[in-house]
Amino acid sequence: MFFERSLLTAEELGDRRVEASALNQLGIVLQSQGRYEEALGYYDRSLMIEEAIGNTRGRAVSFSNLGNAYFHLGQVDRAFRSYQEGLSICRRIDDLPGVSSSLRNLGAVLSQLGRFEDGVRALQESVAISRCIGDTPSLGYALMSLSLCQLSAGNAASAHETIEEALRLFQRLGIEPPPAAEELRTKLGETPASNQAVA
């Protein structure tokens, strides 16, 4: 595997930055295979190296990846803390795409924790940043997450408006919308009108 070779080469050459990057990439591969516990080990090792060499952006990436693995393992509190750490770093270094991505992840976790209003606020900020920097694919995913959180918060009217915007955006970009987006639209079509709170 390419990343395993990269890791070995980086270790042999003593290139700590490449080593940390390869560890992160190996973690992502393992996570895509559902091997979350193993992925955590690689992310932890990467984070330790990033901290040792003072790579601030690399630390933010490692925290984000840790958060993703914890989230998939159902360890929502640990995911929340990891995403918060990553967000804090991204804000500090003025990494707007990183801030937007961290807020999107944080919004999903807040929703899982039942903190729907906080989740909506985080996702609205993610949407605003994605619009501001012109990151349209990320905007589509942020809108989709926001719609889901709005629905969980009991605001089906806003959720319906938001998912429709996301689907129009995906169509304009020529991107196949994730199946979850169409499922959400169908679900919202079945939501009783009495539950549709005013935005």
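Residues numbered from 1 in each chain as written. Predicted model: local features only at pLDDT ≥ 70, side-chain atom pairs only at ≥ 80, totals over all residues. Heavy atoms only, no water.

Caption draft 1: Highlighting the side chain of Ser 147. Relative to the helices and strands, Ser 147 resides in helix α8 (residues 136-152). Discounting chain neighbours no more than four positions away, the residues touching Ser 147 are Ala 159, Thr 162, Ile 163, Leu 184 and Leu 188. (Helix = DSSP H or I, 4+ residues; strand = E, 2+ residues; numbered from the N terminus. Contact = heavy atoms within 4.5 Å.)

Caption draft 2: Layout of helix α7 (residues 116-133). Here α7 contains 18 residues, and its C-alpha end-to-end distance of 26 Å stays within 8% of the 26 Å for a straight helix at 1.5 Å per residue. Those residues of α7 that sit buried are Gly 119, Val 120, Ala 122, Leu 123, Ser 126, Val 127, Ile 129 and Ser 130. Following α7 by one or two positions, Gly 134 has its phi on the positive side, about 75°. (Expected span 1.5 Å × (residues − 1). Buried < 20%, exposed > 50% of the residue type's maximum accessible area, 1.4 Å probe, protein only.)

Caption draft 3: Examining unusual backbone geometry more closely. Its identity as a non-glycine residue notwithstanding, Asp 94 has a phi of 60°, on the positive side. When you line up the elements, Asp 94 lands in the loop between α5 (76-92) and α6 (96-112).

Caption draft 4: Expanded view of the nonpolar core. In terms of nonpolar packing, the biggest core is built from 24 residues, with Leu 66, Val 99, Leu 103, Leu 106 and Val 109 touching the most fellow members. The set of elements that each furnish at least two residues to this core consists of α3 (36-53), α4 (56-72), α5, α6 and α7. Considering each element in turn, this core owes the most residues, 7 residues, to α5. Apart from residues lying up to four places away in sequence, Leu 103 is in contact with Leu 87, Arg 91, Ala 122, Leu 123, Glu 125, Ser 126 and Ile 129. Among the nonpolar cores identified, the runner-up in size contains 20 residues, and Val 120, Ala 166, Phe 170 and Leu 184 belong to it. (Core = buried A, V, L, I, M, F, W, Y, C linked by side-chain atoms within 4.5 Å.)

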